[in-house]
Each structure stands twice: as structure tokens, then as C-alpha cells.
Amino acid sequence: MTHIVHEGLKAWVDETVKLGQPDQVYWVDGSQEERSRLTKRAIARGFIIPLDQEKYPGCYYSRSNPNDVARTEHLTYICTRKREEAGPTNNWMSPEDGYAKSKEIIKGSMAGRTMYVIPFSMGPIGSPFSKIGVEITDSLYVVLNMLIMARVGHKVLDQLGTAGAFTKCLHTRADLDVKHRLILHFPEDNAIVSTGSAYGGNALLGKKCLALRIASWQARKENWLAEHMLILGIEKDGKTEYVTAAFPSACGKTNLAMLIPPQGLKAKGYRIWTVGDDIAWLRIGPDGRLWACNPEAGFFGVAPGTNSKTNPNAIATMKKNTIFTNVVLGDALSVWWEDGEGAPPASGTSWDGKPWKPGLKDKDGKPVPGAHPNSRFTAPAGQCPSIAPNWEDPKGVPISAMIFGGRRERLAPLVFEALDWAHGVYVGATVASERTAAAVGKVGEVRRDPMAMLPFCGYNMGDYFGHWLRMGGDIPKPPKIFHVNWFRKDSTGKFLWPGYGENLRVLEWILARCSGKGKAVQTPIGWVPAKDGLDLTGLNLPAGAMDKLLEVKPDEWTAELDGVKSFFDQFGAALPEELWKQFETLKGRLKIKVLA
Ligand code: OXD
Ligand code: MN
């Protein structure tokens, strides 16, 4: 037991012990000594495997149940008294049903196990941005990941005091049977219950569950924003400006957050600073600007595709003290993944525990991937070479621009600027993207993913858009809003834009626009860079590629309106009138076909 007695916390822990029936209860104190003790315990119980400690100091391998490798949106619920509070894009369950169903699963599920109590802070301890949670879990894997992803232990209990508010985060892996998998949010009670899964997004409850679903609910009440956004700083001539960017899962937020300037722009003295790669909490600062804080302390990044060409900073970040989940385990205790770093091991074990070697084919002759497409690395943010010196500043960083984006083969140009805040909210609300492997479902299918928050908004998204619109009125100096699309393809299916470090060219234009410079032409959908608007020094794009990248085809955008209308229609009266106004004026602008 700890030194501080918070009666509410103690009562909840006691109640959970009665229900889960663990063999013992352990309060996580967050010390280094504890971390090595728990690591040894996890190795002894077979939850993690130490990698070659010379090559990968402090790194471990873990494999999840093959049925449990991604977020399960169809089993994720918002449990509010009124169904309308959850809105049409969330699954809803009544709080009574939610508690009753989960109780049945939790009952006795911790028998033979230790129940860990993890006090954690999302955001630097004591910052005005920060929120405290306590996760109860029977998973040592969760404990070891939480030690990386959040600020954890006694110092959080000290901050909580004897009566502070905290989110109750109750997790049991139970038997890991999908039948017993439920990810339940009770925003009215500031509580989360997650059962039957040990996958990060379902089980590390500080991340998607608290920092997005519960926090978005609190943010509406307390007049701030909890968003699925990276935060990065762009330094030039001794001045650093910050932007946030919201892309759907596995669309390159981590890569953009850790971008390295390409040669052509390095010469101008650019340097990129990483503040966060997944979540931003934003509040209006005393100077009237919007300020952002990264509530997390680590990165839970997608491994496949990460290599020293696509993201050298991520590769450097995971050199030590990292947990790798569901990648290939080489026989010499190395790790590897598709489109990864270096040569694959001559032989090893695949993500689902089967013997694997390069070139392995299935019975139909198809290559068998060694790593799961949603395999992950969990690494401390402080180890990132580009981590901003002020990433833990309790007052956050001031934001000049907010960027939305999706993965679209066609339609959306490389970048455009919204006409004003309300139009920017419309742009965010109508983001659509091709589905990736971060969630269960059909990869490649286009779905609307407003503000990249579709799976993460803890209340009715119609009200969420209303909250965004209201915030615009409350921020004396609001950031400008932009939309980007790195994924446009030519008629042969090849990407038109090289992406990665070259994306700084787009950020440069965005910042120029924020300071009243930056050449642009007005189109029906917003401001698009003029032909000579982007600095393309040192970049050899094929002839005509830039024209295609910046092309706005009114017919295609008009065709898109049908999908937007049916998406908006489902919100009924909850959809703010302002968005219909934006819809109609866009429709009007598209008819005039003012193409630059
Ligand atoms: C994530 C996700 O893990 O968005 O960040 O799925
Ligand atoms: Mn994410």
C-alpha cells in the first residue's frame, strides 16, 4: 500500500479485488528498481523475451494473442445515460448494461494473477493541461508499456492527494477470448472498463480511451480540445513555430512528427522538433493563442514501413529500452519487420509464433509476412533525437497552424488552406481516408474520418463539430487550418509525391501563409499553392507531377458532396447549421468553377 490514502481510490481498489479475486495486489511506484524487478518477473512468466542485450539494450519482445492485434471498434462503446449523447458514429450501451456485462467477465478473472494498480498522469505532472488516471490491470505487459507511455507511480499519487479527481481505468485480459472483449467508456462517471484484450489501443487505457474518448468529453465541458494530432516544431533563424496535424491511424503521423529536412531545405537552416506523435491537448493561452501539450510520454508506433529512410529518428529512438510487439523475432534474438531496417534474419519466428524465414510462401504461393501489419514499438519519447527541448513544458507550445489529412488516391490536392475557422471545421469534419491496418476491418476502403477522430470521439460527433465551431469564437488568435494529402496517385497507380522529409516543403508553405506570405491561388475548396508557391529546390519531380498534385477538379468535388450529405444527415439536429451553410456555399462555389 502507498503512503497516501485517497478514500475513493482505496474503495475502488478494494471493490475490484473482491470482484476480480486476484492472488495479490501490487501498487506500481514508478521506480527504476521496480522496473527491473517487474521486467524480470515478466521474463520469468514468458510475457516478454529479452532481445540480444548487447545489440538492443533494455529491449524486449512480446507477442500478443493472434486474435488480439488491433483496436476492435465494433466492441468499443460509449456508455451514457442517453443514447443521443454517444451519437450515430459510436456504439452505445447503457451504463447499467455496461457495468453488468463487464462485471460478469471480470468476476474471478484475476484468480491466480497479480492485480497491478498504476497511478498515472497524462501530461507532465502538475501541468494545467494534465489529467490523472489510475489503471487497474492483471497484465504485466500493460504495466511495462504504461511505464513508457505515461508518467507513473508515487509522484502521481502525491499530486492526486487525498481527494483529487482521477479516471478509473479497469482492465482485465480475462481469457483473451473475443467473446469477452469489451472496451467501455463511462464519461459521466469518468471511468473506463476494458476486458478480454491486451492490444495497446484497447488495454493501455491512458491512450485512446482516456486521452481521446474521455478527454474529448471533458474538453467540451471545460472549453478545450482533445485531438488525435501530432505536434511538431519547425525551427528556422532561431525561431520555432509549432503546428499540429490530424491523420487517421497509420497514415504517417509518427513519420511527420520526426521529419528530417531534405538537403535542399537543410541549407536554409531548418530543424524539426518533435513534441508528440499521436495526441494533442489544446487550450487557449493567456496570450489569446491556442497552446498544445502532448499528454503521452512515449511512442506506440507502427513498426512495418519504419526504416532509416522513412524515419531515421524513430529507428534511433527504439535503439534501447523499447518493447517490440508482434514483429519478427530472429533466432539470434533480433527484431525485424517488412520494409524495416537491414536484412531480415536468416530464420526466426513470425508475429503469430510460427517458424519464419525470408521468402516464405503460403500454399497459394503468396509471401507470408513475418510481422503483423499493425505490429508496434513502444519507446520512451525522451530518447528521440528530435525531441523538442520543451516537450514537457507545463504550459505547452503555441500553435500557428492545424492540419487535417487523409489517405486519398485522388481528389484532394497536396495541400490547401481553409478560408477561415468555420470553413476549416467543415474541412476537418469531411476528412475521408482509406482504411489502414490499425483497426480491424477492410484495408483500403474509403471511410469518412472527421478530424481523424471517428473511432476516438467520446460523444456525439455532431456536438463535437459544434464545440469546434464555438472554440473558434473563443480563441482570440486562432491558428489557420489546412488540409494535406501525401497519397495522391497518378493514372498508373504511382504516388505523385515523395512524402517523408519532403513534406517539409508543404509545412514551409503553410507557415508562410500563417505569416501573411506564401503565394496561393483561390479555388472553390480553399487556397492552393501558386505554381511557384512551394520551394522545390533539389527535388526532381516528373514533368507535370506538380500540376496533378495541386489540381482541384470541381466535378470530382461535386461528386464527393453526396457522400458528405449522407454522412452529415445521420447526425440530424445535432449537426450545427453552420456546417450545412458551409456545404451549400461550397456547392455554389463548385458550380461557378473558378479554377485557377
Ligand atoms: C494508434 C491508432 O495506435 O491510432 O495511434 O490506432
Ligand atoms: Mn493514433
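These figures come from a predicted structure and were not determined experimentally. (Residues numbered from 1 in each chain as written. Chains lettered and ligands numbered in written order. Predicted model: local features only at pLDDT ≥ 70, side-chain atom pairs only at ≥ 80, totals over all residues. Heavy atoms only, no water.)

A word on the pairing of strand 24 (residues 376–380). Among the 5 residues that make up strand 24, 5 are buried, leaving the element largely enclosed by the rest of the structure. A two-sided burial pattern is seen for strand 24, the buried positions comprising Arg 376, Thr 378 and Pro 380 on one face and Phe 377 and Ala 379 on the other. Bridging between strand 18 (residues 298–302) and strand 24 involves 5 bridges; their strand directions are antiparallel. Bridge pairing in strand 24 links Phe 299 to Ala 379. (Buried < 20%, exposed > 50% of the residue type's maximum accessible area, 1.4 Å probe, protein only. Helix = DSSP H or I, 4+ residues; strand = E, 2+ residues; numbered from the N terminus. Pairing = 2+ DSSP bridges.)

Before going further, it helps to spend a moment on the packing of aromatic side chains. Inspection of every chain in the model, using the stated rule, returns 21 aromatic pairs. Look at Phe 247 and Trp 486: their rings are 6.3 Å apart centre to centre, the planes differ by 80°, and that puts the pair in the edge-to-face class. Of this pair, Phe 247 sits in the loop between strand 14 (239–246) and helix 8 (253–257) while Trp 486 sits in the loop between strand 29 (480–484) and helix 13 (504–514), placing them 239 residues apart in sequence. The residues Phe 247 and Trp 486 share a single accessibility class, namely buried. Centre to centre, the rings of Phe 567 and Phe 571 are 5.4 Å apart; their planes meet at 80°, and the pair counts as edge-to-face. Phe 571 gets classed as buried once you look at its relative accessible area, which sits at 5%. Grouped by ring-pair contacts, the aromatic residues Tyr 426, Tyr 459, Tyr 464, Phe 465, Phe 567, Phe 568, Phe 571, Trp 580 and Phe 583 constitute a single cluster. The ring of Tyr 459 carries the charged tip of Arg 220 above its face, separated from the ring centre by 4.0 Å. (Phe/Tyr/Trp six-rings, centres within 6.5 Å; stacked < 30°, edge-to-face > 60°. Lys NZ or Arg CZ within 6 Å of the ring centre and 35° of its normal.)

To continue, consider the side chain of Gln 218. Secondary-structure assignment places Gln 218 in helix 7 (residues 206–222). For Gln 218, a relative accessible area of 12% puts it in the buried group. If near-sequence neighbours (up to four positions away) are discounted, Gln 218 is found in contact with Lys 131, Thr 167, Asn 190 and Trp 224. (Contact = heavy atoms within 4.5 Å.)

Okay, the sheet that holds strand 23 (residues 355–356) next. Within the open sheet, the 4 strands sit side by side as 21-20-22-23. Their pairing is antiparallel. Since the sheet does not close on itself, it has two edges, and those belong to strand 21 (335–336) and strand 23, each with one partner. Note that strand 20 (residues 328–330) and strand 21 share 2 bridges and pair antiparallel. Paired with Leu 329 across the strands is Val 335, a residue of strand 21.

Time to look at the environment of Ile 106. Along the chain, Ile 106 turns up in helix 3 (residues 95–106). For Ile 106, a relative accessible area of 2% translates into the label buried. Measuring from C-alpha to C-alpha, the distance between Ile 106 and Thr 172 comes to 6.7 Å, with 66 residues separating the pair along the chain. Ignoring any residue separated from it by four or fewer positions in sequence, one finds Ile 106 in contact with Leu 19, Gly 20, Leu 170, Thr 172, Val 193 and Thr 195.

Moving on, we come to the domain arrangement of the chain. As far as domains go, the chain holds domain 1 (7–30 + 72–222), domain 2 (227–297 + 389–590) and domain 3 (299–383). Distance from the C-alpha centre of domain 1 to the C-alpha centre of domain 2: 31 Å. At the interface, 36 residues of domain 1 touch 38 residues of domain 2. Here domain 1 meets domain 2 over a buried area of about 3000 Å², counting both sides, of which 57% is carbon and sulfur. Here domain 1 and domain 2 share 7 salt bridges between them. Between Glu 296 and Lys 207 there is a salt bridge, with the nearest N and O atoms lying 3.0 Å from each other. Applying the counting rule to domain 1 against domain 2 returns 18 residue pairs in polar contact (both at pLDDT 80 or more). Those elements giving two or more residues to the side of domain 1 that touches domain 2 turn out to be strand 6 (114–122), helix 4 (140–149) and helix 7. With 12 residues, helix 7 is the single largest residue contributor to the side of domain 1 that touches domain 2. Across the side of domain 1 that touches domain 2, the residue classes tally to 17 nonpolar, 9 polar and 10 charged. (Domains from an automatic or database assignment. Buried area = accessible area lost by both parts, 1.4 Å probe. Salt bridge = Lys/Arg side-chain N within 4 Å of Asp/Glu carboxyl O. Polar contact = N/O pair within 3.5 Å; in protein donor to acceptor, adjacent residues only side chain to side chain. Nonpolar A, V, L, I, M, F, W, Y, C, P; charged D, E, K, R; others polar.)

With that settled, the discussion passes to the environment of Gln 570. Its location among the elements puts Gln 570 in the loop between helix 15 (554–569) and helix 16 (577–592). Given a relative accessible area of 37%, Gln 570 falls into the partly exposed group. Dropping the residues within four chain positions of it, Gln 570 is found in contact with Pro 88 and Thr 89. There is a polar contact of 3.1 Å between the side chain of Gln 570 and the backbone oxygen of Phe 567.

Here we take up the layout of surface pockets. Looking at the second largest pocket, its volume works out to about 540 Å³. What lines the second largest pocket is a set of 25 residues, among which Gln 32, Arg 35, Leu 147, Ile 148 and Pro 380 lie closest to the centre. Elements supplying a minimum of two residues to the lining of the second largest pocket: helix 2 (32–44), helix 4 and strand 8 (151–152). Looking at the lining of the second largest pocket element by element, the count peaks at 5 residues for helix 2. Looking at the lining of the second largest pocket, its residues break down into 11 nonpolar, 9 polar and 5 charged. (1 Å grid on protein atoms, 1.4 Å probe; cavity = no way out; pocket = protein on both sides within 12 Å on 5 of 7 lines; lining within 4 Å. Points joined across faces, edges and corners; volume = space filled by probe spheres on them.)

With that settled, consider empty space enclosed by the protein. Empty space left among the atoms is revealed by rolling a probe the size of a water molecule over them. In this structure the tally under the stated criterion is 5 cavities of 30 Å³ or more. Of the voids in this model, the largest cavity is the one considered here, and its volume is about 220 Å³. Along the wall of the largest cavity there are 19 residues; nearest its centre are Leu 411, Phe 416, Val 427, Thr 430 and Trp 557. Of all the elements in the fold, those that place two or more residues in the lining of the largest cavity are helix 11 (421–429), helix 15 and helix 16. Per-element tally for the lining of the largest cavity: the top contributor is helix 15, with 4 residues.

Arg 71, Lys 208, Ser 249, Asp 278 and Arg 376 are the nearest of the 9 residues found near ligand 1. Measuring from an oxygen atom of ligand 1, one finds a side-chain N or O atom of Asp 278 at 3.2 Å. At 2.9 Å, a side-chain N or O of Arg 376 approaches an oxygen atom of ligand 1. The protein chains hide 95% of the 210 Å² of surface that ligand 1 would expose on its own. (Near = heavy atom within 4 Å. Areas by Shrake-Rupley, 256 points an atom, 1.4 Å probe, with all protein chains shown as cover.)

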